[in-house]
Structure formats: C-alpha cells, structure tokens
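Fold and contact review
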Amino acid sequence: HAFFTIAREGGDPSNPFKLKRLSNEFVFRANSLPKGMTELPHDADVIQFASGIDVVGNDVDGRLVVSYGINDCEGGVFGLAMELVQEMLREVGPGEEVVDLMETIKR
C-alpha cells in the first residue's frame, strides 16, 4: 500500500492530474493472534486490500481512518494521526516516477 496526493493541473486535457506526493510502500500489521502464540507477529496477512478511507477533523491535526479486508474473510480498521501521514508523504519532483521514489525495505 502507499499514500499519495494528486492535483489537477492545466496542460494536457487528456491527463489533467499530476502525482504530487507519495509515501513509501507499507503493509497493515496482522491483527490475528496465531494459535500457540502469545504476541502478535511483526508481519502482515497474506491478502490485504484497503476498502475505505476518511479524514476525521482536518488534514493537519486530524486522523486518517482506513478500513480494509483481511484474507478475503474479515475486515479491520485503524487510524493514523494526520501529522504522521503528512510526514510519510514525499514530494514528487519534475520527471520523477514512482519507481524512483520507492525505498528498499531494511530489516
């Protein structure tokens, strides 16, 4: 998953939107406790898909609420401070593509 912002810009009427900011890729942490374990794993579910998003408050000091599907069987929801979301977003410079901005995961 990744957060991004777009803006409508003049120029080409067949493609009036431009990618403005982009976060690095991320996954939603698994919320199910596997049998025999006492702590949640630091891992993600096999299938995850964001299904809803809403800003509660404003985009500066509000909260971003994300609902998502888990393994095509159940749903989940979590919230993030908009301050954190804004910190995750990086400017996309002229001529930059998504592949130019993604970082390799460090373990």
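Residues numbered from 1 in each chain as written. Predicted model: local features only at pLDDT ≥ 70, side-chain atom pairs only at ≥ 80, totals over all residues. Heavy atoms only, no water.

Attention now moves to the sheet that holds strand β4 (residues 63–70). Pairing is antiparallel across the open sheet formed by three strands, whose spatial order is β3-β4-β5. Two strands lie at the open edges of the sheet, namely β3 (48–56) and β5 (74–81), each paired on one side alone. For this sheet the average axis-to-axis angle between neighbouring strands, irrespective of direction, equals 20 degrees. As defined by bridge partners, β3 adjoins β4 across eight bridges and the pair is classed as antiparallel. Bridging from a neighbouring strand, V56 pairs with R63 of β4. (Pairing = 2+ DSSP bridges. Helix = DSSP H or I, 4+ residues; strand = E, 2+ residues; numbered from the N terminus. Axes fitted to C-alpha atoms, helices over the stretch in contact; angles between N-to-C directions.)

Turning our eyes to something else, we now look at a nonpolar patch on the surface. On the surface, F4, I6 and F17 cluster together into a nonpolar patch covering about 320 Å² of accessible area. Within the secondary structure, F17 sits in strand β2 (residues 17–22). With relative accessibility at 41%, the residue F17 sits in the partly exposed group. (Patch = residues over 30% accessible without salt bridge, like charges linked within 9 Å, V, L, I, M, F, W, Y side chains within 5 Å. Areas by Shrake-Rupley, 256 points an atom, 1.4 Å probe, with all protein chains shown as cover. Salt bridge = Lys/Arg side-chain N within 4 Å of Asp/Glu carboxyl O. Buried < 20%, exposed > 50% of the residue type's maximum accessible area, 1.4 Å probe, protein only.)

Once that is clear, we can look at the confidence of the model for the chain. A low pLDDT means the predicted coordinates there should not be read in detail. When the pLDDT values of the chain are averaged, the result is 84; 91% of them are 70 or greater. Taken element by element, the chain is modelled with least confidence in helix α2 (residues 98–101), mean pLDDT 78, and with most confidence in helix α1 (residues 82–88), mean pLDDT 94. (pLDDT = per-residue confidence, 0-100.)

On to a negative patch on the surface, then. Together, D59, D61, E83 and E87 give the surface a local cluster of negative charge. Note on placement: E87 falls in helix α1. (Lys, Arg positive; Asp, Glu negative; His and termini not counted. Charge placed at Lys NZ, Arg CZ, Asp CG, Glu CD.)

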